[in-house]
Amino acid sequence: MERTIDMQEVSDGRFYTANDLVKADCGGCRGCSACCRGMGTSVILDPYDSFCLCAGLGMSFEELLQERVELNLADRLILPNLKMAGEEEACTFLSGEGRCGIHGFRPGMCRLFPLGRYYENGGFRYFLQVHECPKEKKGKIKVKKWLGIEEIGRYERFILDWHDHLKALREEVEADPERIREISLELLRRFYMEPYGTAADFYGQFYERMRG
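Here the structure is a predicted model, which is why all the values come from computation and not from measurement. (Residues numbered from 1 in each chain as written. Predicted model: local features only at pLDDT ≥ 70, side-chain atom pairs only at ≥ 80, totals over all residues. Heavy atoms only, no water.)

With that settled, the discussion passes to the overall build of the protein. A count of helices and strands for the protein gives 8 helices and 8 strands. Its C-alpha atoms give the protein a radius of gyration of 17 Å, near enough to 17 Å, the size a compact globule of 212 residues would have. Over its C-alpha atoms, taken along the principal directions, the protein stretches across nearly 45 × 40 × 35 Å. Going through the 212 residues of the protein one by one, you find that 40% of them count as buried. Considering only intrachain contacts with a sequence separation of at least 6, the fraction spanning at least 24 residues in the protein is 70%. (Helix = DSSP H or I, 4+ residues; strand = E, 2+ residues; numbered from the N terminus. Rg over C-alpha atoms; globule rule 2.2 N^0.38 Å. Buried < 20%, exposed > 50% of the residue type's maximum accessible area, 1.4 Å probe, protein only. Contact = heavy atoms within 4.5 Å.)

Shown next, in the form of C-alpha cells:
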C-alpha cells in the first residue's frame, strides 16, 4: 500500500540497500506479537506471498479465502490481505502463545517489518520505521538476511515490477472508475487464483502472466 509520508518523521533519516546493515533485528521477538495485531487490512498479499502461503499450507487460494485471507479495496484496486480476527484483531495465523504459524513462508510485508520501502526514480530503497516496533535495543542485521528471501535480486525486481503494474492499473481505474470490478477480477484471476508450479517456476510464470 502506497503512502505519502514525511521521511523525517517516520525514519532514522537513512536509506538502505539489501546489502546494508540496519538496526532491525528483534531477536526472535521473544513473545512479542504487537505487529501481528490490529493491522486491519494493511497486510496486503502480492502474488509471491499468495504462492508461498498456498504451497506452505497445501491449500488453494480459494481455500485461503474461506478463513485466512479476505479481499478489500486498497488504493482503488481489490486485493487480498491477511485476515484479523477476535477481540484483539489478531492475525488468524497467530498461535495462542503469540507465535507465527507461518513464519517460514510469511508474507513479504511481515518479513519487511519494521522496514519499509521508498520508491523513487524507477527503483526503491529500504528505510527503518522508527516508531512502529515497540522492542528496544534492536540488533544490527543485513537487510537481505532480515528478509530471508532466496534470490534477493530476482525478488526485488519482482517487487518493483509488481508495484509498477499495480500503479498502471490504478491509473486505469482512476480514468474510468466503473472498471474497478472488471480490472480487479482479472488481476485476481491471473495472478492469484490460477495456481503456480514449483518455487523454481514462480518468477517465469509470473512474467508470462504479465506479458499475457
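Moving on, there is more to tell.
Taken together, the buried positions of helix α7 (residues 180-193) are occupied by Ile-183, Ser-184, Leu-187, Leu-188, Arg-190, Phe-191 and Tyr-192. Summarising the contacts, the buried residues of α7 are in contact with α2 (47-57), α3 (61-67), β2 (69-74), β3 (77-82), α6 (152-175) and α8 (202-211).

Turning our eyes to something else, we now look at the layout of surface pockets. Approximately 320 Å³ is the volume attributed to the second largest pocket. Lining the second largest pocket are 19 residues, with Tyr-48, Phe-51, Cys-52, Glu-150 and Ala-199 sitting closest to its centre. Contributions of two or more residues to the lining of the second largest pocket are made by α2 and α4 (108-112). Per-element accounting of the lining of the second largest pocket gives the leading share, 6 residues, to α2. Per-class residue counts for the lining of the second largest pocket are 10 nonpolar, 4 polar and 5 charged. (1 Å grid on protein atoms, 1.4 Å probe; cavity = no way out; pocket = protein on both sides within 12 Å on 5 of 7 lines; lining within 4 Å. Points joined across faces, edges and corners; volume = space filled by probe spheres on them. Nonpolar A, V, L, I, M, F, W, Y, C, P; charged D, E, K, R; others polar.)

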